[in-house]
Amino acid sequence: MRLALALPVIGTGAMAVAFALLKGGPPLTVEDDNKIKDLLKGYKARLLPSPERLAEVEAEFLTQMRDGLSKRVVVDGKRMMMLPTFVTRLPDGTETGECYALDLGGTNFRVMHVRLGPSKGEVTACDVEEVTLPKEIYTGPGDKLFDYLATTLKSFIDRHRGSAAAAATSAPPFQQLQPSQDQQPLPVLGFCFSFAVEQDGLASGKLLAWTKGFSCPGVVGNDPCALLSAALERVGRPCRVAALLNDTVGVLAAQRYLDSDTEIGVIIGTGTNACYVERLTALSKWEPPAGHAASGDGRTAINMEWGAFFSPQLPRCEEDLQVDAASPHPGKYLFEKLLSGMFLGEAARRILFTIATEVEGLFRVRAEDVQAVLADAREASIGNMAYATAAATIPKPLATPGSLSSATLSAIVHDRSWGLRKTRRLLVSELGMHQPSTRAAAVVKEICTLVAKRSAQLTAMAVLAILRHNGWAESSPPRPVTIAIDGGVYERFTAYRAMLSRAVSEQLGERSRTLFPLIKFVLSHDGSALGAAVLAAAAVTGR
């Protein structure tokens, strides 16, 4: 009766579609299946660049690198900034002592307590706590953000002060001079702040721009270390903030402490960025400050901010433009929007939504959702058959931004179950589909795989561009090189690791047989936080 009452309002055409959907929908026709094949073929061509096009992107990437090393870059979110890090002594595994780290790299942040032992590359104690930032904190006033960080850090430090005091007799005395003998030394802190910062010292700089969904006013243009120090004073737990660094610098520093062959640190998580070891002679726009000699081999660390790279040759489709337009920073950080975990799932969702509009009935709608659409149409007195038909043939969650997470995308890509049962269950629970067919699940899996593979191919391109810039492949003989990677996408998306390795091997071309075995990718879990601790220890001990 309820459906019959809706007939005069939305028209018999829409009702026919609705009734078909309520009964499970007709099977796909040969025409529909051919249309799906053409759509998938088209997306593959747009998302996965040819070797020739990838070479053009790499050439532009190298040009931006060299420009950024030689001159100051305008902060517009459309080119790599190649920022000096003031890390004039790269870790070599001899750093020792005990300190804390705060790692703000996205909507989750970490606090760490670490003790570096006397043996080379030895970590004798390490404790990490991860905390999720509420949205009202990372989009609210800047002082509230730093108060939240300081309060969490205070609680963490207070729990460790007993063990820190007990170990103080054997640890090097790296702390500020004490005002009196009865006071405990100030905790030493490395601050890993994973946003674009222009540094003017190892422990000072100014934020150039927010990314990763952060939009706290009162922080851009100011010194994150000063803001954190002030917040720590407010909560009654002052610390000596000895090092300010980006998460990629932290990953590089942590792995170099363990492995001297490490040349590149990469983050592929909520956002993406890279840091690498550069010759000072190539960094013509910067000189180490007086009294701060560089590493013995004349090298330093460069924070690339590669998420801001852009080239018209980047492989993008119409849905990528939609993702960009709906993001917090439209027109900026476009490389990041093709690589990072914040955007992988949303890009795939928008592509699947387009396919759903092209092939009606591929993704079936639950009966209760169809009835709700028809009820809403009746109440609104909508007589538009096209509106009712579209609304009743696309699952509502599929049309909802953010409904397909990168974690779900990863699970779908990993699915090897018979008939893609795992994927079909996810399509029901996450995207509101009704009894999805194996064909529907296969289409979803292929799109998710294409989006992930594009990210891996572009990451491989950028890593190889850095190695080529430094002349690694031309050295005689080429030396082993380690690339340290941290971030949820690389850590938890195991198929992504295989995609990245395969892409590197393919892009090395004829020399892959000899060069690829020399490249070692290492997961640097909690590397950004450990690196902050290592650099803080080095800063206060001088080694």
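Higher on the page you've got the structure.
Here goes a summary of the coordinates provided. Along each chain, residues carry numbers from 1 onward, in the same order as the chain's sequence is written. Local features in this predicted model are restricted to residues whose pLDDT is 70 or higher, and side-chain atom pairs enter the listing and the counts only when it is 80 or higher, whereas totals over whole chains, interfaces and linings include all residues. The basis for the side-chain values is all heavy atoms of the structure; hydrogens and waters are excluded.

## Quick word on the pairing of strand E4 (residues 123-132)
- Strands are treated as partners if at least two bridges between them are detected by DSSP. Secondary structure counts use DSSP, requiring at least four H or I residues in a row for a helix and at least two E residues in a row for a strand, with both numbered from the N terminus. Examined bridge by bridge, strand E3 (residues 108-116) and E4 share nine bridges and lie antiparallel to one another. Bridging from a neighbouring strand, His113 pairs with Asp127 of E4.
- Taking the residues that link successive antiparallel strands as the turn, the E3-E4 hairpin has six residues, and the phi of Gly121 there is positive, at about 70°.

## Concerning helix H16 (residues 438-469)
- Helices are assigned an expected span. That span is 1.5 Å times one less than the residue count. Taking 1.5 Å of rise per residue, the 32 residues of H16 would be expected to cover 46 Å, and the 46 Å separating its terminal C-alpha atoms lies within 8% of that figure.
- The rule is simple: take the accessible area with a 1.4 Å probe, protein chains only, and divide by the maximum for that residue type; under 20% is buried, over 50% is exposed, in between is partly exposed. Buried residues dominate H16, accounting for 26 of its 32 residues.
- Once H16 finishes, Gly471 follows within two positions and takes phi at roughly 75°, a positive value.

## Re helix H11 (residues 341-358)
- In a regular helix each residue adds 1.5 Å, so 18 residues correspond to 26 Å; H11 covers 27 Å between its end C-alpha atoms and thus fits that length.
- Burial analysis of H11 places 14 of its 18 residues in the buried class, which makes it a mostly covered element.

## Details of the pattern of salt bridges
- For this document, the term salt bridge refers to a Lys or Arg side-chain nitrogen within 4 Å of an Asp or Glu carboxyl oxygen. Scanning the entire structure with this criterion turns up 21 salt bridges.
- Across the pair Glu263 and Arg256 runs a salt bridge, and its minimum N-O distance is 3.8 Å.
- Residue classification places Glu263 among the buried residues on the basis of a relative accessible area of 7%.
- Across the pair Glu263 and Arg299 runs a salt bridge whose closest N-O atoms are separated by 3.2 Å. Taken as a pair, Glu263 in strand E9 (residues 262-268) and Arg299 in strand E11 (residues 299-303) lie far apart in primary sequence, 36 residues in all. One exposure class covers both Glu263 and Arg299, and it is buried.

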